[in-house]
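Examining the three-dimensional arrangement
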Amino acid sequence: MARPDKVAAVDEIRARFEDADAALLTEYRGLGVGEIAEVRGALRDAGSDYKVLKNTLTRIAVREVGLEELVGMLEGPTAIAFIKGDAAAAAKALDDAARKFPVLVIKGGVLNGRVIDASQAGQLAKLEPREVQLAKIAMLMNSPAQQMANVLSALLRNLGSMLAQVVEKKEAGEMPAGAAAEPEAPDSEPEAAATAEEPASTETEASNDTKEE
């Protein structure tokens, strides 16, 4: 039967894999205790927990969580960075540590439930931090809206200026530019009355002429 302490250790490793957003496997052969502590501190600042683990127990744990492909990476002295959050930042911190301590080898790992090799882990380290990526996405998404807001603001400013000019002209008793004065309707009633009276006057004059003859 398995010893209770080994069972508990396997359960702990399995839980770490299940809770982590990513995990990167390293071989630390040749690193001293102080150097391992320095790597652990750099990864802690990047939101990761760097653990030295026994391969035999870790193999059991990864099989239990369905990560059989990781078994082949569990050779030699192994330490795993369990990552919560920004995997790119943790990968970069680990890559920087490997540059400082060339004996530290990144063998691969798992990202969002998918096993990645050493080359893919290296590419992950070259990505920009999540905050930078999110800021760029937000900038791209907000750019059209900001441009539209600027256009609308300019239109409103122009409209306000035009309205102010109209109000000023009205207060000064002037007509706004482009407005024509409406012509007054002709007073046709006197002309019509005069036209109606003319025939009567003509008949009277004709009658007087006849009498004189």
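Report on the accompanying structure. (Residues numbered from 1 in each chain as written. Predicted model: local features only at pLDDT ≥ 70, side-chain atom pairs only at ≥ 80, totals over all residues. Heavy atoms only, no water.)

**Let's talk about unusual backbone geometry**
Of note in this structure, asparagine 112 is not a glycine but carries a positive phi near 55°. For asparagine 112, the location among the structural elements is in the loop between β4 (105-111) and β5 (114-117). Given the relative accessible area of 66%, asparagine 112 is considered exposed. (Helix = DSSP H or I, 4+ residues; strand = E, 2+ residues; numbered from the N terminus. Buried < 20%, exposed > 50% of the residue type's maximum accessible area, 1.4 Å probe, protein only.)

**Details of the pairing of strand β1 (residues 22-27)**
Judged by how many residues are buried, β1 sits mostly within the fold: 6 of 6 residues are covered. Taking every second residue as pointing to the same face, both faces of β1 are buried, with Ala22, Leu24 and Thr26 on one and Ala23, Leu25 and Glu27 on the other. Direction of pairing for β1 relative to strand β3 (residues 78-83): antiparallel, over a ladder of 6 bridges. Bridging from a neighbouring strand, leucine 24 pairs with alanine 81 of β3. Across 6 bridges, β1 lies against β4 in antiparallel orientation. From the neighbouring strand, alanine 22 faces β4, where its bridge partner is leucine 111. (Pairing = 2+ DSSP bridges.)

**Remarks on helix α1 (residues 4-19)**
Here α1 is 16 residues long and its end C-alpha atoms lie 22 Å apart, about the 22 Å a rise of 1.5 Å per residue gives. Turning to α1, its buried residues are Val10, Ile13 and Phe17. Take α1 and look down its axis: the buried residues cluster within an arc of 65°, on one side only. In α1, the exposed residues that point more than 90 degrees away from the buried face are Pro4, Glu18 and Asp19. Residues of α1 that are buried make contact with β1, β2 (48-53), α3 (55-64), β3 and β4. (Expected span 1.5 Å × (residues − 1). Arc of directions from axis to C-beta. Contact = heavy atoms within 4.5 Å.)

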